[in-house]
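Commentary on secondary and tertiary structure
Each chain is listed here by its residues.
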Amino acid sequence: MRLKGKVAIITGAASGFGEGIAKLFAREGAGVVVADISDAAGQRVAGEIATAGGKAVFVHADVTRGQDWASLVGSAQSAFGRLDIVVNNAGWTHRRKPYLEVTEAEFDRVYAINVKSVYLSAIHALPALRKAGGGCFVNIASTAGLRPRPGLTVYNSSKGAVILLSKSMAAEFGPDKVRVNCVNPVFSPDTALSAEFAGGAVTEEARKAFLATIPLGRFSTALDVAQACLYLASDEAAMVSGSC
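Everything numeric here is computed off the predicted structure, so don't read it as measured data.

We now examine the overall build of the protein chain. Counting its secondary structure elements, the protein chain contains eight helices and six strands. In the protein chain, the succession of helices and strands from N to C terminus is β-α-β-α-β-α-β-α-β-α-β-α-α-α. C-alpha extents for the protein chain along the principal axes are approximately 50 × 40 × 35 Å. Taken across its 244 residues, the protein chain has 52% of its residues classed as buried. Relative to all contacts within the protein chain whose residues are 6 or more apart in sequence, the contacts with residues 24 or more apart total 71%. For the protein chain, the computed accessible surface area is about 10,900 Å², with 56% contributed by carbon and sulfur atoms. In the protein chain, which carries 25 positive and 21 negative side-chain charges, the distance between the mean positions of the two groups comes to 5 Å.

Below, the discussion takes up empty space enclosed by the protein. All told, the structure shown has one cavity of 30 Å³ or more when counted by the stated rule. Computed from the structure, the largest cavity encloses a volume of approximately 30 Å³. Looking at the largest cavity, the residues that line it are Asn88, Ala90, Ile113, Asn114, Ser117, Val118, Ile140, Lys159 and Val162. Contributing elements (two or more residues each) for the lining of the largest cavity: helix 4 (104-131) and helix 5 (153-173). Among the elements that line the lining of the largest cavity, the one with the most residues is helix 4, at four residues. Partitioned by chemical class, the residues of the lining of the largest cavity number five nonpolar, three polar and one charged.

Our focus in this paragraph is unusual backbone geometry. The residue lysine 177 is not glycine, and still its phi comes out positive at about 60 degrees. In this structure, lysine 177 sits in the loop between helix 5 and strand 6 (178-183).

Next up on the list: the pattern of salt bridges. One pass over the structure, following the stated rule, counts 11 salt bridges. With a closest N to O distance of 2.8 Å, lysine 97 and glutamate 106 form a salt bridge. When its relative accessible area of 18% is taken as the criterion, glutamate 106 is described as buried.

This part is about helix 4. Compared with the 40 Å implied by 1.5 Å per residue over 28 residues, the 39 Å span of helix 4 between its first and last C-alpha is a close match. Residue alanine 125 marks the point of greatest curvature in helix 4, where the axis turns by about 45 degrees; the proline proline 127 follows within four residues. Backbone geometry just after helix 4 places glycine 133 at a positive phi near 90 degrees.

This brings us to the sheet that holds strand 1 (residues 7-11). Across the sheet, six strands lie side by side as 3-2-1-4-5-6; this open sheet has parallel pairing. Whereas interior strands pair on both sides, the edge strands pair on one side only; in this sheet they are strand 3 (55-60) and strand 6. Direction aside, the axes of adjacent strands within the sheet are offset by 15 degrees on average. When strand 2 (residues 31-36) meets strand 3, the two strands line up parallel, connected through six bridges. Looking across to strand 3, one finds that alanine 35 is bridged to valine 59. Lying on the sheet, helix 8 (residues 222-233) is in contact with strand 4 (85-88), strand 5 (135-140) and strand 6; it crosses strand 6 at an angle near 165 degrees.

With that out of the way, let us pick up the packing of helix 1 (residues 16-27) against helix 8. Between helix 1 and helix 8, the least distance of the axes is 8 Å, while the angle of their chain directions is 50 degrees. Relative to helix 8, the element helix 1 lies oblique. For helix 1 against helix 8, the interelement crossing comes out right-handed. Where helix 1 approaches helix 8, its residues Gly16, Phe17, Gly20, Ile21, Leu24 and Phe25 are matched on the opposing element by Ala222, Val225, Ala226, Gln227, Cys229, Leu230 and Ala233. For the contact of helix 1 with helix 8, the per-class residue count stands at 10 nonpolar, three polar and no charged.

Scanning all chains against the criterion turns up two aromatic pairs. When the ring of phenylalanine 137 is compared with that of phenylalanine 173, the centres are 6.2 Å apart and the planes differ by 45 degrees; the resulting orientation is tilted. Of the two residues, phenylalanine 137 sits in strand 5 while phenylalanine 173 sits in helix 5, which places them 36 residues apart along the sequence. Taken individually, phenylalanine 137 and phenylalanine 173 each receive the classification buried, so the pair is uniform in this respect. The ring of tryptophan 92 carries arginine 109 above its face, with NZ or CZ at 4.3 Å from the centroid.

What follows deals with the confidence of the model for the protein chain. A low pLDDT means the predicted coordinates there should not be read in detail. Scored by pLDDT, the protein chain has a mean of 94; 95% of the residues are at 70 or more. The least confident element of the protein chain, judged by mean pLDDT, is helix 6 (residues 194-198) at 60; the most confident is strand 4 at 99.

Calculation criteria
Residues numbered from 1 in each chain as written. Predicted model: local features only at pLDDT ≥ 70, side-chain atom pairs only at ≥ 80, totals over all residues. Heavy atoms only, no water. Helix = DSSP H or I, 4+ residues; strand = E, 2+ residues; numbered from the N terminus. Buried < 20%, exposed > 50% of the residue type's maximum accessible area, 1.4 Å probe, protein only. Contact = heavy atoms within 4.5 Å. Areas by Shrake-Rupley, 256 points an atom, 1.4 Å probe, with all protein chains shown as cover. Lys, Arg positive; Asp, Glu negative; His and termini not counted. Charge placed at Lys NZ, Arg CZ, Asp CG, Glu CD. 1 Å grid on protein atoms, 1.4 Å probe; cavity = no way out; pocket = protein on both sides within 12 Å on 5 of 7 lines; lining within 4 Å. Points joined across faces, edges and corners; volume = space filled by probe spheres on them. Nonpolar A, V, L, I, M, F, W, Y, C, P; charged D, E, K, R; others polar. Salt bridge = Lys/Arg side-chain N within 4 Å of Asp/Glu carboxyl O. Expected span 1.5 Å × (residues − 1). Bend = angle between axes of the 7 residues up to and from the residue. Pairing = 2+ DSSP bridges. Axes fitted to C-alpha atoms, helices over the stretch in contact; angles between N-to-C directions. Parallel < 35°, antiparallel > 145°, perpendicular 65-115°, else oblique. Left-handed = near helix turned anticlockwise from the far one by under 90°. Phe/Tyr/Trp six-rings, centres within 6.5 Å; stacked < 30°, edge-to-face > 60°. Lys NZ or Arg CZ within 6 Å of the ring centre and 35° of its normal. pLDDT = per-residue confidence, 0-100.

Given below as structure tokens:
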């Protein structure tokens, strides 16, 4: 087991990529804090992990609120005695549309969920990681942060911020033996935000248009993302920090 004895907080873990990450981490021996704003779905994921023989607790958390992050860190320590890994997976986007049609409220929400959450995770989790003797953050960014598409400009820029934030955190937290990396999924039609990225229903035409931009000719899956996160969170990546 590649994460035996480690404890991880995973945000947005009630569905999609986050659910895949939580379940793989648990199978690899980690105690998992399933964090989400969806109580029913989050409790389902934690329950399924427990039924499969893993260790998990669900904690309701809004990642844009500092007090919720304090609760997440406290829950990890009370349930499992420590904290080693934080996976910042929770994210949101405005629906695909022209830049000038994005409202101020949508802009604020994109940056609160996608960027402020990473800031808050470090504010509250870094002391716990220092106490544990080190650890890591894995931030879920996006190919949009490297290769932006029209119609998602605000979202694209927020993921670019996550990428640079991750690199800078890695440089600053390195002396604390805390590594920081990020993973950049490409579009997946199986996530809750797929219709927003597509600007409406994910039709066959929309799927083909997205596929045409992906050299490997297929979409990201939850397992793809989870396996990348697993490597970055494991001791196999002990000298990997600041990677994207």
